Amino acid sequence: MSPSSRLRRALLFMPGDSMRKIAKAIELGVDSIAMDLEDGVALSQKPAARRTIVEALQTLSFGRSERLVRINPVGGEFWEEDLRATVPARPDGYILPKAEFGEQVQAVAEFLAQEERARGWPAGGIVLLPIVETALGVMNVREIALADPRVDALIFGAEDLAGDMGAVRTPAGWEIFYARSAVVLAAKAYRLQAIDMVFFDLNDLEGLEQECRVGRQMAYDGKMAIHPRQVEVIQRVFSPSPEEVQAALRIVRAYEEAQAAGLGAIALDGRMVDMPVVRMAQNTVQKARAAGLLGE
Ligand code: COA
Ligand code: MG
């Protein structure tokens with residue numbers, strides 16, 4: 001397991017039966033496009049949504065945006081048909097909502113392994129992003145993370161979790177804070193990316209920015225988006241700023257010079273720099289490189 005090198009700052013969701021929204025998403029330069037077959041689609045529209053997603057995958061050019069499909073919960077009534085119908089159009093990955101057991105992830109992984117073999121596609125090429133959004137999912141987050149090497153990121157879903165637990169969602173979010181922490185901690189322990197919860201107020205961009213900052217400070221790599229307006233804010237906050245990149249590069253350089261001179265801990269601008277500080281700086285440099293903010 002190694003941390004995915006793919007940049008996933010914003011994952012924009014849209015109902016899979018809306019070709020208009022899928023086409024709109026492509027124009028935004030968003031890192032990941034999540035075409036939904038689950039709760040964003042009415043029961044009667046599931047077959048139409050599968051057809052629309054296949055058509056989009058086969059006819060539209062997504063540029064550098066990742067092409068993801070969110071299927072229905074594994075074990076329920078729709079997920080197998082969701083997979084069967086969409087896999088021939090070869091999305092880059094599948095989002096698995098309400099993940100609670102490793103076996104659910106494995107069932108999808110086995111299906112994909114067979115398809116890849118049969119179609120001559122590279123083994124393990126299609127990735128999986130489980131959403132942890134139930135109390136049981138939080139308790140079992142470790143087995144979900146470790147279920148299969150295709151798992152590339154864990155997503156945290158706050159609204160479904162609150163609904164599942166009977167908690168009341170508040171702007172401060174203390175009712176979901178333990179779970180939000182548990183998901184990012186598990187992701188980092190097993191070298192996966194972590195994607196933070198949806199911000200529901202489509203008009204409150206300041207509130208969105210604040211919530212992005214907290215998520216980033218917690219070590220989330222990105223955040224779900226539900227409206228084009230949210231994409232710029234999310235992608236900006238989840239990219240290191242030029243000042244952060246400069247500061248990180250100075251730390252890494254000072255550390256390398258210190259190592260060459262046989263020194264461990266050093267002082268830089270009146271602050272101690274040792275290994276944990278260097279590691280944080282290296283993370284920033286790596287993110288900046290992935291975001292194309294550095295040369296080479
Ligand atoms: N992805 C891509 N385009 C979107 C979009 C999305 N999630 N949400 C809105 N747009 C487009 C609209 O189509 C519209 O473009 P158009 O005028 O060219 O048609 C433009 O952005 C402005 O949209 P707006 O009128 O402000 O929103 P709306 O009232 O049409 O839609 C929602 C509001 C909430 C229904 C819509 O944002 C949406 O579908 N969000 C995603 C819902 C979802 O997938 N939920 C499940 C995952 S949590
Ligand atoms: Mg949900």
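Provided above is the structure to which this section pertains.
Residues numbered from 1 in each chain as written. Chains lettered and ligands numbered in written order. Predicted model: local features only at pLDDT ≥ 70, side-chain atom pairs only at ≥ 80, totals over all residues. Heavy atoms only, no water.

Caption draft 1: Seen up close, the site of ligand 1. Close to ligand 1 lie 14 residues, the nearest being Phe 13, Arg 20, Lys 21, Ile 226 and His 227. Contacts to ligand 1 include Arg 20, whose side-chain N or O atom sits 2.4 Å from an oxygen atom. Measuring from an oxygen atom of ligand 1, one finds a side-chain N or O atom of Lys 24 at 3.2 Å. Among the detected pockets, ligand 1 sits in the second largest pocket. The set of elements that each furnish at least two residues to the shell around ligand 1 consists of strand 1 (10-15), helix 1 (19-26) and helix 10 (228-237). When residues in the shell around ligand 1 are grouped by element, the largest group, 4 residues, is from strand 1. (Near = heavy atom within 4 Å. Polar contact = N/O pair within 3.5 Å; in protein donor to acceptor, adjacent residues only side chain to side chain. 1 Å grid on protein atoms, 1.4 Å probe; cavity = no way out; pocket = protein on both sides within 12 Å on 5 of 7 lines; lining within 4 Å. Sits in = over half its atoms within 2 Å of the grid points. Helix = DSSP H or I, 4+ residues; strand = E, 2+ residues; numbered from the N terminus.)

Caption draft 2: The arrangement of the packing of helix 11 (residues 242-260) against helix 12 (residues 275-290) in detail. Two elements in contact, helix 11 and helix 12, have axes separated by 8 Å at closest approach and are oriented at 130°. Taken together, the axis directions place helix 11 and helix 12 in an arrangement best described as oblique. Regarding helix 11 and helix 12, the two cross each other, and that crossing is left-handed. Side by side, helix 11 and helix 12 meet where Glu 244, Val 245, Ala 248, Leu 249, Ile 251, Val 252 and Tyr 255 of the first sit next to Met 275, Val 277, Val 278, Ala 281, Gln 282, Thr 284, Val 285 and Ala 288 of the second. For the contact of helix 11 with helix 12, the per-class residue count stands at 12 nonpolar, 2 polar and 1 charged. (Axes fitted to C-alpha atoms, helices over the stretch in contact; angles between N-to-C directions. Parallel < 35°, antiparallel > 145°, perpendicular 65-115°, else oblique. Left-handed = near helix turned anticlockwise from the far one by under 90°. Contact = heavy atoms within 4.5 Å. Nonpolar A, V, L, I, M, F, W, Y, C, P; charged D, E, K, R; others polar.)

Caption draft 3: The arrangement of the pairing of strand 8 (residues 222-225) in detail. Bridge count for strand 1 against strand 8 is 3 bridges, and the pairing is parallel. For Leu 11, the partnering residue across the bridge sits in strand 8 and is Met 224. In the sheet, strand 7 (residues 193-196) pairs with strand 8 via 2 bridges, with the strands oriented parallel. Looking at the pairing, Ile 195 lines up with Gly 222 of strand 8. Chirality of the crossover, the property in question, places the unit of strand 7, helix 9 (residues 205-217) and strand 8 among those that are right-handed. (Pairing = 2+ DSSP bridges. Right-handed = clockwise from strand over helix to strand, strands pointing away.)

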